[in-house]
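# Per-entry structural report
Here is how the chains run, residue by residue.
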Amino acid sequence: EKKKITKICCIGAGYVGGPTMAVIAQKCPHIQVTVVDINQARIDAWNDENLENLPVYEPDLDQVVAEARGRNLFFSTEVDTVIKEAEMVFISVNTPTKTYGEGKGQAADLKWIELCARQIAAASDSDKIVVEKSTLPVRTAEAVKDILRNTGGGVKFQILSNPEFLAEGTAVEDLQQADRVLIGGENSPEGKEAIQALVDIYAHWIPREKILTTNVWSSELSKLTANAVLAQRVSSINSLSELCEATEADIDEVSRAIGADSRIGKKFLKASVGFGGSCFQKDILNLVYISRSYGLTEVADYWEQVIKMNDHQKGRFAKKIIKSLYNTVSGKKIAFLGWAFKKDTNDTRESAAIYVADHLLNEKAIISVYDPKVKEKQIQFDLNCLQTRSEEENRSLVNVEVDPYEVCKDSHAVAILTEWDEFKTYDWQKIYDSMLKPAQVFDGRNILDHEALRKIGFRVYAIGKS
Ligand code: NAD
Ligand code: UGA
């Protein structure tokens, strides 16, 4: 007889676990969804009465949480109890790049995944479906299965791969109207039954033809490669931006021209100061590592180039600023508008802003930052993580303001690092008047009206334009 899922547990209340489970709970009021985490502060924030204090900022997320929280959506630190009661357990913990040992700097650190598997095994006294929601190297499910089946004391586990494709800043929309949902499982009667149980959940709001089912390995690998192909598009267009600057072609025009070909498509061809975010680099490095470990040197080198191009783009932007400021930025105030890795998120992981700042700080620039969603503590933390200089030095060279006009005042240059819409609406004449001359703008996202800025008197540098 087909078992209906009534209780879900999700381990990991981060950028993925929180929004994903909130939407499942919203769309399936008959299923009790509990998100657990070992981080008490995070759980407290998810439970905060004031929805402005949720740990993840995403448009409309507060409304979804308001609708479901306390009804069938719960956040808790009682990891073992919640696992025990659930019929389906999602693993949505972080899988960062390894910082030590074999594969350091490339392979995924699966420490937290293994801990989860062991914790699930120890806490379970009834059969469960375990769903890999985290992004994992292909064949991770094998290890998870091995741990569960050897330490689970007679309890039966089915392992599914159900990678998440949401992008930050549009998480709720991406979840509610997903292009596709991918579910990988074993090709056995039990495996098929487990796949069906998860299909039934998504089918509450996702059209059935958009729910793709595959074997486990295809599903795991498709997640890594979807990110690799997306990042490759950005690196491709960014590489061409440099060529545009040398040839008087305009990257936005080139992008529009090639994107009009329906086989290429217009999305994800926006030149920038470089892609950031917690996943693109991590997942490609992972793909490179896996390819190398199978002896596939050419495959590994091919994908590694996407990262190299991105590093080049970030460095190129910083060098451009230095060169335009007469090859010295020492003691000069440079205003940063934006710190998040893209607009509409408070996430700063791997943001291009961090690397551009680091480059300029090495040249003793003084950086003043404004980001509508990122707090000073985070900015200092991001710079300290690089361990390029002492925390005191970072504190003395970088200041963060809550008013963008203060940030720009008395600066030699304004650099746009994130494409926040509000930057377009500023009084740029007022900014110009408050700056040192010649006043320069470095638009790392090509969002401002460059002609209007030039009319005011600004010198403007934009990506892929001459
Ligand atoms: P995150 O760091 O925001 O959240 C992970 C959470 O897991 C943390 O709060 C941590 O405390 C918790 N955790 C770790 N080990 C635990 C344990 N043993 N028990 C309980 N809680 C534990 O990470 P994220 O951005 O949500 O990413 C999670 C996974 O999803 C990663 O594999 C990532 O690659 C993937 N992914 C992320 C995105 C994204 O946009 N951020 C999109 C798709 C996929
Ligand atoms: C990305 C993918 O888009 C998601 O499908 C995936 O689930 C997710 O990674 C993940 O696995 O974590 P995300 O990193 O949140 O999502 O954001 P994107 O919109 O993909 O942007 C990534 C970076 O590329 C940003 O820094 C963005 O500014 C940059 N970008 C994007 C460009 O520079 N140009 C573009 O045309 C598009």
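Rules of the game
For every chain, the first residue of the written sequence is number 1, and numbering continues from 1 along that sequence. Following the order in which they are written, the chains are lettered starting with A and the ligands numbered starting with 1. Where local features are concerned, this predicted model is filtered to residues with pLDDT of at least 70; where side-chain atom pairs are given and counted, the filter is 80 or more; whole-chain, interface and lining totals use all residues. UniProt positions are given in the numbering used here, feature names are shortened, and annotations may be inferred rather than shown by experiment. Being near a molecule or strand means, for a residue, that its C-beta atom, positioned from the backbone, comes within 6 Å of it. Here the term charged refers only to Asp, Glu, Lys and Arg, the term nonpolar to Ala, Val, Leu, Ile, Met, Phe, Trp, Tyr, Cys and Pro, and the term polar to all other amino acids, Gly among them. As used throughout, domain bounds are those supplied by an automatic or database domain assignment. Between N-to-C directions, angles cover 0 to 180 degrees, with each direction set by a line fitted to C-alpha atoms, over the stretch in contact for helices. We count a stretch as a helix when DSSP gives it H or I for four or more residues in a row; a strand needs E for two or more, and each element gets its number in order from the N terminus. For classification purposes, an angle smaller than 35 degrees is called roughly parallel, one larger than 145 roughly antiparallel, one from 65 to 115 roughly perpendicular, and anything else oblique. Crossing handedness is defined as follows: a turn of the near helix away from the far one that is anticlockwise and smaller than a right angle gives a left-handed crossing, while the clockwise case is right-handed. Once C-beta atoms have been placed from the backbone, residue pairs whose C-beta atoms lie within 7 Å are recorded as contacts.

- Per an unreviewed UniProt entry, the protein chain goes by UDP-glucose 6-dehydrogenase and derives from Algoriphagus machipongonensis.
- The UniProt entry for the protein chain carries this comment under Sequence similarities (unreviewed entry): "Belongs to the UDP-glucose/GDP-mannose dehydrogenase family."
- UniProt lists a comment for the protein chain under the heading Catalytic activity (unreviewed entry), and it reads "UDP-alpha-D-glucose + 2 NAD(+) + H2O = UDP-alpha-D-glucuronate + 2 NADH + 3 H(+)".

## Looking at the site of ligand 2
- Around ligand 2, the surrounding shell holds 21 residues, and the nearest of these are Lys 270, Ser 272, Phe 275, Gly 277 and Cys 279.
- When its residues are assigned to classes, the shell around ligand 2 shows 11 nonpolar, 6 polar and 4 charged.
- Among the domains, domain 1 (7-206) and domain 2 (225-307) are the pair contributing at least three residues each to the shell around ligand 2.

## Regarding the packing of helix H1 (residues 17-27) against helix H3 (residues 61-68)
- Between H1 and H3, the least distance of the axes is 9 Å, while the angle of their chain directions is 50 degrees. In terms of axis orientation, H1 runs oblique to H3. You can see that H1 and H3 cross each other, and the crossing is left-handed. Of H3, the residues touching H1 (which contributes Pro 19, Ala 22, Val 23, Ala 25 and Gln 26) are Leu 61, Val 64, Val 65, Glu 67 and Ala 68.
- The class makeup of the residues in the contact of H1 with H3 is 8 nonpolar, 1 polar and 1 charged.

## Side note on the domain arrangement of the protein chain
- When its domains are assigned, the protein chain resolves into domain 1 (7-206), domain 2 (225-307) and domain 3 (310-462).
- Computed over C-alpha atoms, the centres of domain 2 and domain 3 are 24 Å apart.
- Each partner contributes to the interface: domain 2 provides 15 residues, whereas domain 3 provides 18 residues.
- For the side of domain 2 that touches domain 3, the secondary-structure elements that each account for two or more residues are helix H9 (216-247) and helix H12 (297-324).
- No other element matches the 3 residues that H9 contributes to the side of domain 2 that touches domain 3.
- Split into classes, the residues belonging to the side of domain 2 that touches domain 3 amount to 5 nonpolar, 8 polar and 2 charged.

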